[in-house]
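Spelled out, the chains give:
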Amino acid sequence: MGENPFVLALTFNVIAIALGGGASLATVMAGSEGGQSLFVGEWIPMGWTQWALIGLLSMTMPIGSVGTAIAYQLGPSSIISTWDFSYLAFAVLWGVVLFSERLDAASMLGIVVIALAGVIVIRR
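The structure presented is a predicted model; accordingly, all values stated were derived computationally and were not measured. (Residues numbered from 1 in each chain as written. Predicted model: local features only at pLDDT ≥ 70, side-chain atom pairs only at ≥ 80, totals over all residues. Heavy atoms only, no water.)

Chemist: How would you summarise the packing of helix α1 (residues 5–30) against helix α2 (residues 48–74) if you had to cite specific residues and measurements?
Modeler: A packed helix pair is summarised by two numbers, namely the angle formed by the two axes and the spacing between the axes. One can describe the packing of α1 onto α2 by two numbers: an axis separation of 8 Å at closest approach and a directional angle of 120 degrees. Classified by the interaxial angle, the pair formed by α1 and α2 is oblique. The way α1 lies across α2 gives a crossing that is right-handed. Note on element contacts: α2 touches α1 through Met61, Ser65, Val66, Ala69, Ile70 and Gln73, opposite Pro5, Phe6, Leu8, Ala9 and Asn13. A class-by-class count of the residues in the contact of α1 with α2 yields 8 nonpolar, 3 polar and no charged. (Axes fitted to C-alpha atoms, helices over the stretch in contact; angles between N-to-C directions. Helix = DSSP H or I, 4+ residues; strand = E, 2+ residues; numbered from the N terminus. Parallel < 35°, antiparallel > 145°, perpendicular 65-115°, else oblique. Left-handed = near helix turned anticlockwise from the far one by under 90°. Contact = heavy atoms within 4.5 Å. Nonpolar A, V, L, I, M, F, W, Y, C, P; charged D, E, K, R; others polar.)

This is the structure we're talking about:
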């Protein structure tokens, strides 16, 4: 409860970078025979706009991480975690809007189950 939210956010992000970097490195090292692998495609050079967007997103990430740590310290975890999962709705929204993705029945079922779990937790 008394842990510094900046330390919590830093620890989370360092672990995420280590695990994500390790998984990426393992994928690259495994390679693929005779074509592109599932995870590693052709590298597309980025322009200044993409680099600027990555920089902006990198600066806003600590705000979300520290804010989440503070929220978990101040509120009931069951309520905070339910709202913490709201990123799933935004991931679907941006996938549809920006990338023209279409959800299949299994994805819709998963979304409904997660939403129902959140409703059940909040009502308790």
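There's plenty left to go through after this.
Chemist: Help me get a handle on the environment of Ser58, residues and values and all.
Modeler: By the element assignment, Ser58 lies in helix α2. Side-chain polar atoms of Ser58 contact the backbone oxygen of Ile54, separated by 2.7 Å. (Polar contact = N/O pair within 3.5 Å; in protein donor to acceptor, adjacent residues only side chain to side chain.)

Chemist: Tell me what's going on with α2, and back it up with residues and numbers.
Modeler: Under the 1.5 Å per step criterion, the end-to-end length of α2 is 40 Å for 27 residues, consistent within 8% with the ideal 39 Å. Of the residues making up α2, those classed as buried are Ser65, Val66, Ala69 and Gln73. Where the residues of α2 are buried, they touch α1. (Expected span 1.5 Å × (residues − 1). Buried < 20%, exposed > 50% of the residue type's maximum accessible area, 1.4 Å probe, protein only.)

Chemist: Break down the layout of surface pockets for me, with residues and values.
Modeler: As a volume, the largest pocket reaches approximately 360 Å³. Forming the walls of the largest pocket are 16 residues, and the residues nearest its centre are Thr82, Phe85, Ser86, Ile114 and Ala115. Among the secondary structure elements, those contributing two or more residues to the lining of the largest pocket are α3 (77–84), α4 (87–99) and α5 (105–123). Sorting elements by how many residues they give to the lining of the largest pocket places α5 first, with 8 residues. Looking at the second largest pocket, its volume works out to about 260 Å³. If you trace the second largest pocket, you find it lined by Met61, Trp83, Asp84, Ser86, Tyr87 and Phe90. (1 Å grid on protein atoms, 1.4 Å probe; cavity = no way out; pocket = protein on both sides within 12 Å on 5 of 7 lines; lining within 4 Å. Points joined across faces, edges and corners; volume = space filled by probe spheres on them.)

Chemist: Before we move on, could you go through the side chain of Gln73 and cite the residues and values that matter?
Modeler: Mapped onto the fold, Gln73 is located in helix α2. Here Glu3 takes part through its backbone oxygen, which lies 2.5 Å from a polar atom of the side chain of Gln73.

Chemist: I'd like a rundown of the confidence of the model for the protein, residues and numbers included.
Modeler: Across the protein, the average pLDDT comes to 83, with 90% of residues at or above 70. Within the protein, the element-level pLDDT minimum falls on α3, averaging 80, and the maximum on α2, averaging 91. (pLDDT = per-residue confidence, 0-100.)

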